[in-house]
Amino acid sequence: MTVVSTIPTEESETETFRTHIVERLQQKELDLPLLPVVANQVLLLSGDPNADSSKLSALIQQDQALAGQILRIANSAACAPRSPIVSLQQAIAWLGMNMLASLAFSVSVQSGVFKVKGYEKEVRTLWHQALATGLYGKEIARRNRHNVENAFLCGILHTIGKPLLIHLILQARGDSPAQPSWAVMDTLIQESHILAGTKLAEAWQLPQPVQEAIRFYPDEAYHQANSPTKGAMITCLADHLATSIVDPSSLDEEALRALPVVQDLNFYPEDMDALLELKDSIQQSVEAFLV
Amino acid sequence: MTPTTSYDLVVIGSGPAGQKAAIQGAKAGKRVALIEQTREVGGACVYHGTIPSKTLRETALKMVHFLHATDVFDFRMRDDLKIASLMTRLDTVVRAHGKFMKEQITRNGIDRFHGRAQFLSDREIQVRGLGGNTTTLTAPVSVIATGSRPRVPDHIPIDHEHILDSDSILSLVYFPKSLTVLGGGVIASEYASIFSLLGVQVTMVDTADRPLKFLDPELTDQFCRAFEKTGGHYRGQQKVQHAQWDGFSKVTTLLESGETLESEKMLVALGRVANIEHLNIQAAGLTPTPRGLISVNDQCQTTVPHIYAVGDVIGPPSLASCSMEQGRRAVCHALGLNPGDAPEHIPMGIFTIPEMSSVGLSEQEAIEKYGGDALVGRAHFHEIARGQISGMTNGLLKMVADAKGGKLLGVHIVGEGATELIHIGQMGLLHHIDIDRFVDNIFNFPTLAEAYRIAALDIAKQRKK
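Caption draft 1: Region of the structure containing the overall build of chain A. Assigned secondary structure in chain A consists of 16 helices and zero strands. Buried residues in chain A amount to 52% of all 291 residues. Long-range pairs, those at least 24 residues apart, make up 67% of the contacts in chain A with a sequence separation of at least 6. Here chain A displays about 13500 Å² of accessible surface, and carbon together with sulfur accounts for 52% of that area.

Caption draft 2: Quick look at the pattern of salt bridges. Scanning the entire structure with this criterion turns up 32 salt bridges over all chains. Arg 142 of chain A serves as the salt-bridge partner of Glu 161 of chain B, at 3.4 Å between the closest nitrogen and oxygen. Of this pair, Glu 161 of chain B sits in the loop between strand E9 (148–150) and strand E10 (163–165) while Arg 142 of chain A sits in helix H7 (residues 120–143), on two different chains. No difference in accessibility class separates Glu 161 of chain B from Arg 142 of chain A, as the two residues are buried. A cluster of three or more residues bridged by salt bridges with shared partners is formed by Asp 216, Glu 218, Glu 363, Arg 378 and Lys 398 of chain B.

Caption draft 3: Highlighting the nonpolar core. Ile 140, Ile 166, Leu 237 and Leu 241 of chain A are the most contacted members of the largest nonpolar core, which totals 65 residues. Ignoring anything within four residues of it in the chain, the contact list for Leu 237 of chain A reads Ile 140, Leu 259, Val 261, Val 262, Leu 265, Phe 267, Met 272 and Leu 275 of chain A. Core analysis: the next-biggest nonpolar cluster, separate from the first, contains 51 residues, Leu 9, Met 101, Ala 117 and Ala 145 of chain B among them.

Caption draft 4: Looking closely at the side chain of Asp 167 of chain B. Within the secondary structure, Asp 167 of chain B sits in the loop between E10 and strand E11 (178–182). For the buried Asp 167 of chain B, which has no salt bridge, the nearest side chain bearing the opposite charge is Arg 272 of chain B, at an N-O separation of 4.5 Å.

Caption draft 5: Structural detail: the packing of H7 of chain A against helix H8 (residues 148–157) of chain A. Residues and elements named next belong to chain A. Two numbers describe how H7 lies on H8: the axes approach to 7 Å, and their chain directions differ by 160°. The angle between H7 and H8 places the two elements in the roughly antiparallel class. The way H7 lies across H8 gives a crossing that is right-handed. Packed against H7, whose contacting residues are Trp 127, Ala 130, Leu 131, Thr 133, Gly 134, Leu 135, Gly 137, Lys 138, Ala 141 and Arg 142, the element H8 presents Val 148, Ala 151, Phe 152, Gly 155 and Ile 156 at the interface. Its residues assigned to classes, the contact of H7 with H8 shows nine nonpolar, four polar and two charged.

The rules behind these values
- Residues numbered from 1 in each chain as written.
- Chains lettered and ligands numbered in written order.
- Predicted model: local features only at pLDDT ≥ 70, side-chain atom pairs only at ≥ 80, totals over all residues.
- Heavy atoms only, no water.
- Helix = DSSP H or I, 4+ residues; strand = E, 2+ residues; numbered from the N terminus.
- Buried < 20%, exposed > 50% of the residue type's maximum accessible area, 1.4 Å probe, protein only.
- Contact = heavy atoms within 4.5 Å.
- Areas by Shrake-Rupley, 256 points an atom, 1.4 Å probe, with all protein chains shown as cover.
- Salt bridge = Lys/Arg side-chain N within 4 Å of Asp/Glu carboxyl O.
- Core = buried A, V, L, I, M, F, W, Y, C linked by side-chain atoms within 4.5 Å.
- Lys, Arg positive; Asp, Glu negative; His and termini not counted.
- Axes fitted to C-alpha atoms, helices over the stretch in contact; angles between N-to-C directions.
- Parallel < 35°, antiparallel > 145°, perpendicular 65-115°, else oblique.
- Left-handed = near helix turned anticlockwise from the far one by under 90°.
- Nonpolar A, V, L, I, M, F, W, Y, C, P; charged D, E, K, R; others polar.

Shown next as structure tokens:
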């Protein structure tokens, strides 16, 4: 008698999910998660020349959880308040409009898209990486006189396709109680997150330079980007620097310095010295941003 | 071991001055090396300065021309207008310029080195590449043309996000509602007038009582009126105690008078400093001046005779046009070639809105040099048919002549087209053309050049009978 196993092997499981992902991403009407309402409003507010701090303040106050996070972050060591921050108005005054907008956006995205039951630790790592990329992006942009605000946005959203894929895989799993292993998830994420991110960015109508950074940030692709803000190239290096924080064993200092993007950004060894020196302060800021 | 290569001439920096120096050397049949620390050739002029800012200016002006024709076109400025969309031509212009220069350098057989140069001795220059690899070049003659960068004042924390300098100002992706511009020089005035025209509420702050103090006051008065008409303010005779991003929503500027100014962004344009910090000029036997410049004689020779310095590293006038000529003349001198007559009358072009340009003596300088009164002829653009036709009525051409009203001494123009129009005056000065020649000759009609004839007539009627 032949016994046929009904337990799916890792390979077959991966293939099933892969098929599902490809089908879903090819669909014209892809059922993508909405950009969290607050994040969307913050994004609109950032691009509104008539926006002021009172509008942002009002927006944050509508969302209790967000307001709480803002207070927590304002009191963290990274923000170094002179005295304890006890009110939202005080937090707003201390953090500043731009910082607050960045925080509100990132906290809101994190609470929405970057929230997947059963993979909290892994998703937190993804978010950690995205935040560190945004913060490094700002510093890279500052050094070569590109737009600092744009570099941050490109950085925190460049891998937005990753949590989307997790959602898609979990949808494909249906009612099955068994959770796919992270190894399976990770393989599929690495394969398709750029395509997924591109779709999501289009659906969310993110600014063109951000869409470009999501699509072209990898080493082999940033040359295809043509935005004058150089978001893709900046995000490429920022992503590598962020990886060196999240997973120090993956990329040592020597390997970072030898990356082609370092030369393409025209960074000399002393420029890289300055960026590498920021490691601790960026790590501290990331910890503050993490929900 | 570091490889060594010998050249007849090594030029450090590929901006306007370095490029012309290298080409002159190559044209003379010499083996030339050109060292540039950035990936592209052309220097700050192409990537952070003249070319991008003039592209922005041109686009802003086109918009103004549309606005002037609102009775014909149903045109209004979009609320979400972004700088990036105004700079659509920038990439094309910059790429075309860079490509042209690269081709010119290659065509002339010049060897390009990408890296930072530093002197090992007066005849040895080490080039350190991005990866830290080094090459040593030796040459009997070298030219320093490393340009300049914006000065960072100690009391103003430039973060390139809220408080910007003239390099980072063009990285903005949206127009701020308000902008404080620190400085009253060329760069400050150019950007202040462009942003003001584009609807940004601009306040210029400077220690001088008027911007561009070195220009004829009638020109700057007209500039100030135009600037104020677009909503700009000039706050003269003011010292800034400190300025900072308030960490919230605005940059606050505390003046020594105790007054506080607030704006969304700030542009700091308080001069430029020479790029000499990586050069190790001491190893070549050179010492920077107290202002951080390299001092040279009339031939652009430094205190080490076979090392020349040209362009912004030697200080004023810091005009791209002069820098190019300095580069060419320095190499001619080094190679014993005749550089031709030294330029006598160098025009100065300020790309503010409206443009200003000047050549020769000002009214005050003419009085000081020749004694007695100088005769001044004026032509207002609103008196000229072309000015009316083109809507360019806000302009003035001023001719300065000797007391007899016969000899042309200087021309000063404010108004659109000033930087082109000035060249007629320049040629007049170079060829010692009498004031009457401007009256007797015929200019195309209707053109702004007619202003020369009107100003000359104005002088003629003031002559003592």
